[in-house]
Amino acid sequence: MTLEAPLPHQDDDLLDRQLNAGQLQAAGQWTMVWNKFRKHKLAVVSLFVVALIYFVALFAEFLAPYDPGKFDPRYTYVPPQSIGWFVDDGAGGQSFQPHVTGFDIKLDPVSFRRIFTPDPTQVIPIGFFVPGQSYKMWGLFDMNLHFIGPLDPSHPFFLAGGDRLGRDLLSRTIHGTRISMSIGLVGVGLSLLIGMILGGISGYRGGMVDRVIQRVIEFIRSVPTIPLWLGLAAAMPKDWPPLQVYFAILIILSLIGWTEIARVVRGRFLSLRTDDFVIAARLDGVSEFRLIMRHMMPSLYSHIIAAITLAIPNMILAETSLSFLGLGLQPPIVSWGVLLQDTQNLRAITQAPWLFVPGACVVLAVLALNFLGDGVRDAADPYAK
């Protein structure tokens, strides 16, 4: 009886599996986390979406065609313009020229409302990296270069339409991205600091300290969040400047949002404090601070990152809700919630649906962060099936 030799490709597959197994055994914690995370396709896509949103927030002045406060009463509730790529060259052919079309504006004698009709004869050339309205990049550098805009700054350019004062909604939405997304990031950062300290103390110490901290957490979580937000926001003085209101909203959201992170940290500390490496470090005379920061805390990083990505959407929704109700950020600060205040009338719903663009941005950001959080949460335990 003769044995058949294995096919060459079978040997290659077996060798690849052996190499992968050897690499997995030698891989570090973060390598295994990344290998499992990238298998979650929706989370990987969401990672790029979140990175793109924060890129827009970082370079808002450059990406926005106009300053968010620039207005033109002639273009109140102007509908969005669409981009065309080719124009007639006068010889029967077409040449490449990005452009938008202007409007034929008429006044309705009954409602006194402007009626905008696209006029194909009004070709407004646009370009990329064009000079326009001056601004201070990050409040430091004087610049006038914009990513996209009309070649002649005096021509109308409203890719996302205009609001009730004739302001460019695209520019205001881009600038609002910075405020709304930074509130989520900074607010979660403050919540993380409070949650890690109190959760770590609760889980490591136990006993009476643990019971007191847990009762505080249960009390905060038992209070309905929306009335609590409304009460704290309404308590802020009306004469505060916008920047002070911004930081007050951050503190309010952080004081409410730390409980979930504290519980995650406490649970991990309760499970780790009886592990062999913790007991060995304690017997070796390691101080409590070094034991927590050097030995116990590194094992929490992946879980903390997952908790952060899941907590940021809650912060964004909280700020949007407060600002939408008029109790959060107020003009001239521009955030997605402030922009949605313009949708609180029948005209916005029936005649200017483009004013809901900031709401679509909120939905996109929250969904992307939730999907990203799900992927990170699953990858936080690379040994789970």
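Residues numbered from 1 in each chain as written. Predicted model: local features only at pLDDT ≥ 70, side-chain atom pairs only at ≥ 80, totals over all residues. Heavy atoms only, no water.

Considering the pairing of strand S4 (residues 141-150)
Step number 1: As paired elements, strand S3 (residues 114-137) and S4 share eight bridges and run antiparallel to each other. Residue pairing for S4: Met137 is matched across the bridge by Phe141. (Pairing = 2+ DSSP bridges. Helix = DSSP H or I, 4+ residues; strand = E, 2+ residues; numbered from the N terminus.)

Notes on the environment of Trp336
Step number 1: Mapped onto the fold, Trp336 is located in helix H12 (residues 336-339).
Step number 2: Here Trp336 is in contact with Thr173, Gly176, Thr177, Ser180, Met181, Pro358, Cys361, Val362 and Ala365, once residues within four sequence places are set aside.
Step number 3: Within polar-contact distance, the side chain of Trp336 engages the backbone oxygen of Thr173 at 3.3 Å. (Contact = heavy atoms within 4.5 Å. Polar contact = N/O pair within 3.5 Å; in protein donor to acceptor, adjacent residues only side chain to side chain.)

Side note on helix H11 (residues 301-324)
Step number 1: Between its first and last C-alpha, H11 extends 34 Å over 24 residues, near the 34 Å set by a 1.5 Å rise per residue.
Step number 2: Of the residues one or two after H11, Gly326 is the one with positive phi, at around 85°. (Expected span 1.5 Å × (residues − 1).)

Describing the side chain of His146
Step number 1: Mapped onto the secondary structure, His146 falls in strand S4.
Step number 2: Among the residues examined, His146 registers a relative accessible area of 3% and is labelled buried.
Step number 3: If we ignore the near neighbours within four places in the chain, the residues touching His146 are Glu61, Phe62, Ala64, Pro65, Phe128, Phe129, Val130, Gly132, Gln133 and Tyr135. (Buried < 20%, exposed > 50% of the residue type's maximum accessible area, 1.4 Å probe, protein only.)

Concerning the packing of helix H6 (residues 207-222) against helix H8 (residues 242-272)
Step number 1: It is the contact of H6 with H8, at a shortest axis distance of 10 Å, that shows an interaxial angle of 135°. In this view, H6 runs oblique relative to H8, as classed from their interaxial angle. Relative to H8, H6 is oriented so that their crossing is left-handed. Contact residues: H6 offers Asp210, Gln214, Val216, Ile217, Glu218, Ile220 and Arg221, while H8 offers Leu255, Ile256, Trp258, Thr259, Glu260, Ala262, Arg263 and Arg266.
Step number 2: Among the residues forming the contact of H6 with H8, the class breakdown is seven nonpolar, two polar and six charged. (Axes fitted to C-alpha atoms, helices over the stretch in contact; angles between N-to-C directions. Parallel < 35°, antiparallel > 145°, perpendicular 65-115°, else oblique. Left-handed = near helix turned anticlockwise from the far one by under 90°. Nonpolar A, V, L, I, M, F, W, Y, C, P; charged D, E, K, R; others polar.)

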